[in-house]
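Residue-level listing of the chains:
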Amino acid sequence: MSLQNLYYKRTAATAKACYVCYKPTTIVLATIDTTDFLYTCLVHLTDPGFATRIKDDDNDKKVGVNAEEIARVKQEWEDKQKKKREKEKGKDDGDKADRPAKGENDKERAQQKASEEPSDKKPEAAGVGQPTTSPKPMHERYVLHRRIFDIRLAEHRRRRQAAQAKTLAPRLPGTPSNTMS
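Our subject in this report is the structure included herewith. (Residues numbered from 1 in each chain as written. Predicted model: local features only at pLDDT ≥ 70, side-chain atom pairs only at ≥ 80, totals over all residues. Heavy atoms only, no water.)

Check the secondary structure of the chain and you find five helices and five strands. Accessible surface, the chain as shown: approximately 15100 Å² in total, 54% of it carbon and sulfur. (Helix = DSSP H or I, 4+ residues; strand = E, 2+ residues; numbered from the N terminus. Areas by Shrake-Rupley, 256 points an atom, 1.4 Å probe, with all protein chains shown as cover.)

Overall, the coordinates contain six salt bridges when judged by the stated rule. Arg 72 is the salt-bridge partner of Glu 76, the closest N and O atoms lying 3.4 Å from each other. Of the two residues, Glu 76 and Arg 72 both sit in helix α3 (residues 67–96), four residues apart, roughly one turn of that helix. Notably, a salt bridge pairs Arg 159 with Glu 155, separated by 3.9 Å at the nearest N-O pair. Pair noted here: Arg 159 and Glu 155 are both in helix α5 (residues 146–168), with a separation of four residues, about one helical turn. (Salt bridge = Lys/Arg side-chain N within 4 Å of Asp/Glu carboxyl O.)

Once that is clear, we can look at the sheet that holds strand β5 (residues 141–144). Reading across from one edge, β3-β2-β1-β5-β4 is the order of the five strands in this open sheet, with antiparallel pairing throughout. Each edge of the open sheet is held by one strand with a lone partner, namely β3 (37–39) and β4 (51–54). With direction set aside, neighbouring strand axes in the sheet form an average angle of 45 degrees. As defined by bridge partners, strand β2 (residues 24–30) adjoins β3 across three bridges and the pair is classed as antiparallel. Each residue of the ladder has a partner; that of Leu 29, found in β3, is Leu 38. On top of the sheet, α5 reaches β1 (7–17), β3 and β5; it is set at about 85 degrees to β5, its chief contact. (Pairing = 2+ DSSP bridges. Axes fitted to C-alpha atoms, helices over the stretch in contact; angles between N-to-C directions. Contact = heavy atoms within 4.5 Å.)

Written as structure tokens, this is what we have:
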């Protein structure tokens with residue numbers, strides 16, 4: 001298992017000692033699968049001798065709502081307002097105007113409902129059909145300096161070898177107990 005030299009800046013809940021200066025910090029650089037992580041101060045992240053930030057156009061864009069979503073929500077709101085006005089207008093017209101025969105009124109209502117139903121279903125269907133994309137968490141990406149990364153690799157190698165030695169130690173023969181004369 002080899003580590004990649006790509007770390008994401010995250011914030012931890014508890015402060016621990018910085019990897020370089022041992023001051024308490026909550027900023028953590030971690031790999032994507034968190035096999036390696038190290039606490040570091042904000043000052044060290046700006047130091048090119050420690051780590052370099054990777055500029056990514058997608059991550060640098062402002063997180064927000066796109067124009068399509070704004071237009072869709074605005075259209076839905078306008079449709080709802082139109083329906084409210086039509087209902088209020090229908091109530092006012094029904095009370096003030098002379099009512100036509102029952103058969104004609106029922107036909108008009110049926111036509112209005114038929115014309116309203118497809119317009120009701122279109123915004124809902126569009127909302128259901130389109131997957132809602134929640135904004136992705138935007139973590140700053142960093143690459144450690146070559147020598148710092150080599151130190152991290154050496155530490156991981158040493159830990160792995162110590163774990164292997166612990167598992168192999170019981171299987172090895174013991175030292176001789178009697179003396180040779």
